[in-house]
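Residue-level structure breakdown
Chain by chain, the residues:
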Amino acid sequence: MSHINNQRRQFLKLATAITATVMSCSSMQVMAGILTDENKMDATEQAVFKKMLAIALPTEGTTLVNPATLPVIPTIEGALLAGMPPHIRKGLNQGIHYFNQSAEKAYGKPFTKLSDADATAFVDAWADSDVAPHRALAMGIKKLTVLAYWAIPNTWAPLGYDGPVSEKWGLKKRGVTPEPQA
Amino acid sequence: MSTTQNQLNVKTAADITAAQLDLDADVVIIGSGAGGGINAYELAKAGKKVIVLEAGPYVPSEKFTEMMAVSMATLYEGEGAQSNTDGDITVLQGRCVGGSTVVNAALCFRTPDYYLNKWGKEYGLTNLTPDVMLPYFEKVEKKLGITEVKGHETSVGAEYIKKGMQKLDIPLGLARRNIRDCAMTGFCFAGCKTDRKQSMMVTYLPWACNHGAVIYADTRVTKINTVNGAASGVNAEVVDPKTGKVKTRMKVNAPIVVLAAGPTGSPLLLQQSGLANSSGQVGKNFACHPSLSVTAMFDKQLNDFHGATHSLFDDSHTLPDDGGWIQLNAVQDPVEASFMAEPGTGKPYVRYMQNYPNSTRLITLIHDKNVGEVTLENGYKEIRYQVDDEDFEAMKKGLKDNARILFAAGAKYLYLPTSDKQRINSVDDIDSVIDALENEPARYRYTSFHPQGTCRMGADKTKTVVNPYGETHDIKKLYVVDASLLPTSIGYNPSETVYALASYIADHINQTNPS
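Keep in mind it's a predicted model, so treat the numbers as computed, not measured. (Residues numbered from 1 in each chain as written. Chains lettered and ligands numbered in written order. Predicted model: local features only at pLDDT ≥ 70, side-chain atom pairs only at ≥ 80, totals over all residues. Heavy atoms only, no water.)

**A short note on the overall build of chain A**
When helices and strands are counted, chain A shows six helices and zero strands. Across chain A, helices and strands are ordered from the amino to the carboxyl terminus as α-α-α-α-α-α. Residues counted as buried form 52% of the 182 residues belonging to chain A. Across chain A, every contact between residues at least 6 apart in sequence was considered, and the portion connecting residues at least 24 apart equals 76%. Accessible area for chain A stands at about 8,300 Å²; split by element, carbon and sulfur atoms hold 56% of it. (Helix = DSSP H or I, 4+ residues; strand = E, 2+ residues; numbered from the N terminus. Buried < 20%, exposed > 50% of the residue type's maximum accessible area, 1.4 Å probe, protein only. Contact = heavy atoms within 4.5 Å. Areas by Shrake-Rupley, 256 points an atom, 1.4 Å probe, with all protein chains shown as cover.)

Written out as structure tokens, the structure is:
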């Protein structure tokens, strides 16, 4: 029993540590950096994000762009993971694995193998969990996924959002303000 | 010396080929944001040879993309990923030539007399009276074109919120901003592509260069050097942004060092250098004005996509005795909107985003206690900060006011920025939904644009880092001029406070160190 508790404590400590990573990295790091081999997604991470994308953005029957037609996963990898410091990258990897495996307790399968309905219920339950790292992981992984989708300009047209405007509006640069003279 | 050039004199990693660079100056300034930019100009204009070292890149405004996702990665500290240890507060700061002045909303408030008086009474800052500071506010307002928004400088969302405030008899606060001829793109946070926002990049920094100042971008300071208890310069590294590798080692010899690396960078540099911390207060007393954005859904399209980023506020509860919160309207692109609410995974989320054109939002920002700390852990920055329980209660009261304004404005329902689904469907539900909120980590989607307080200013050298004139108590001629100085949080956007304090300290440096 103490072994299990200890393992749980370690998991929670780990998850707490990666909370910051997942949550904060979701703050729109969508500019390709240098993607090293160490920073690339492993197969589990790919599968977790793919599953999350499928359940977070079920666009069938809507005017929104089908996420399967967009490079969302490469955006996550090329933007979020590229250039990430090694200790943070490692923590993120462990957090995503923890998230995936934790679905087994309730559903007998990892997150990536759940039906879309069960995966959705799992994410929503974790988003309202009493355990802070669960909330952080559910919110963070989903946030990363949808962020990478909406960061792709092709997704804006169905919303009527027109994106950058200065050139479109023909705005002139003011340039440097002249130095005030005494 | 030319006064007609009016351009930035910036050297980037691409311009520097030497493996070692040794430079001499009268003043070396670490950081090119509000404090650094103003000091660069005021000191260079007084005849001092000034070198400015900026860790971030130089991104000319024509390269600004007006896409938040890209801007975060290029212009922000930690590529927009800086957060507290729990990860539930994104702490946004600029990291580029011009610093946060490039990416802030340009909202300016004079420091309330309440705080200047409080700082005098509680921190011995009796030199910073409202009368003394008044000419400094006036000076920076004139130089930076700080004026109240004109009638047309608004947004669709702001106009709805204005109606809500009027219905509730809430006095309208009209934003004062350092913007000239605002084009109302709504892209303040992505950098102003046409130079209307009067950031340091188009004002004080090029003016400083008119007087001989040189700016080195891509250059991170690793150590502040001292001789016999006085500042003597810095060691730095020029980092190639393409590889992340050190390209050049730099040493700047200068008898005056001005630290303006921001409220997370400045204390870390002092800690790394083992300086100015006899009080043990370096990095402590971190506050950040946590804010939460409530998303309002209307039954028609508002298309609140562009306009003045902020034009309207309600500060009737901003001073601590009145509650300690302020409400601010904001325009928001779909990338930001995509994670500011939790309607539920899947179809509810898709519906939420489809209704993005029907949305606007009102931000509640709180005056918070200085309960956090910035430290280095295994060589990495840590911001240890959790929202204090009393501050969270203030936030809840602010959120209630926020929700009432949005419903009065015509909203049909609201989303709170939580990890779980929190929707308020009517005015009658406001109290019950918000009363049930508890102060828990990783439950809310906080944003902070206002880190502050980590090298606090005061007369007592056992309790503060910097003396009332900006010089560290321990190290002579080492000055701090950024928002680290603030002894308490001030509840309002602190940029004008920093502009004014930096000007004040620059005057003191010039008076005590004549050229």
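The structure having been displayed, the exposition proceeds.
**Some words on the interface of chain B and chain A**
Contact residues are listed per partner, giving 75 residues for chain B and 62 residues for chain A. Counting each side, the surface lost to burial between chain B and chain A is near 5,500 Å², with a carbon and sulfur contribution of 61%. At the surface where chain B touches chain A, the tally comes to six salt bridges. In this assembly, chain B and chain A are joined by 26 residue pairs in polar contact (both at pLDDT 80 or more). A total of six residues in the side of chain B that touches chain A trace back to one element, the largest contributor, which is helix 2 (residues 68-75) of chain B. Classifying every residue of the side of chain B that touches chain A gives 28 nonpolar, 26 polar and 21 charged. (Buried area = accessible area lost by both parts, 1.4 Å probe. Salt bridge = Lys/Arg side-chain N within 4 Å of Asp/Glu carboxyl O. Polar contact = N/O pair within 3.5 Å; in protein donor to acceptor, adjacent residues only side chain to side chain. Nonpolar A, V, L, I, M, F, W, Y, C, P; charged D, E, K, R; others polar.)

**Quick word on the packing of helix 4 (residues 86-107) of chain A against helix 5 (residues 116-127) of chain A**
All names here are of chain A. Relative to each other, helix 4 and helix 5 sit at 105 degrees, their axes nearing to 11 Å. The angle between helix 4 and helix 5 places the two elements in the roughly perpendicular class. Contacts between helix 4 and helix 5 involve Y98, F99, S102, A103 and Y107 from the former and D118, A121, F122, V123 and W126 from the latter. The residue makeup of the contact of helix 4 with helix 5, split by class, is eight nonpolar, one polar and one charged. (Axes fitted to C-alpha atoms, helices over the stretch in contact; angles between N-to-C directions. Parallel < 35°, antiparallel > 145°, perpendicular 65-115°, else oblique.)

**Regarding empty space enclosed by the protein**
All names here are of chain B. Applying the stated criterion across every chain, the model contains seven cavities of 30 Å³ or more. In this structure, the largest cavity encloses a volume near 130 Å³. Taken together, 18 residues make up the lining of the largest cavity; nearest its centre are C182, M184, T185, C188 and C192. For the lining of the largest cavity, the residue count by class is seven nonpolar, seven polar and four charged. Estimated volume of the second largest cavity: approximately 80 Å³. For the lining of the second largest cavity, the per-class residue count stands at six nonpolar, three polar and two charged. (1 Å grid on protein atoms, 1.4 Å probe; cavity = no way out; pocket = protein on both sides within 12 Å on 5 of 7 lines; lining within 4 Å. Points joined across faces, edges and corners; volume = space filled by probe spheres on them.)

**A short note on the state of the cysteines**
Residues and elements named next belong to chain B. Using the criterion set out here, one finds zero disulfides over all chains in the structure. Left unpaired, C182 is separated from the closest cysteine sulfur, that of C188, by 6.3 Å. Not engaged in a disulfide, the cysteine C288 finds its nearest cysteine sulfur in C455; these two sulfurs lie 16 Å apart. Judged by relative accessible area, which is 1%, C288 ranks as buried. (Disulfide = S-S within 2.5 Å.)

**Quick notes on the pattern of salt bridges**
Under the defined criterion, the tally for this structure stands at 34 salt bridges over all chains. Residue E440 of chain B pairs with R135 of chain A through a salt bridge whose shortest N-O separation is 3.8 Å. Of this pair, E440 of chain B sits in the loop between helix 12 (430-435) and strand 23 (446-448) while R135 of chain A sits in helix 6 (residues 132-150), each in a different chain. Given the relative accessible area of 2%, R135 of chain A is considered buried. The shortest N-O distance in the salt bridge between R443 of chain B and D420 of chain B comes to 3.1 Å.

**Notes on the environment of A103 of chain A**
Residue and element names in this part refer to chain A. Counting through the fold element by element, A103 comes out in helix 4. Taking relative accessible area as the criterion, A103 reaches 0% and is therefore assigned buried. Taking the C-alpha atoms as reference points, A103 and A117, separated by 14 residues in sequence, lie 13 Å from one another. For A103, the residues in contact, after removing those within four places along its chain, are G108, K109, P110, F111, L114 and F122.

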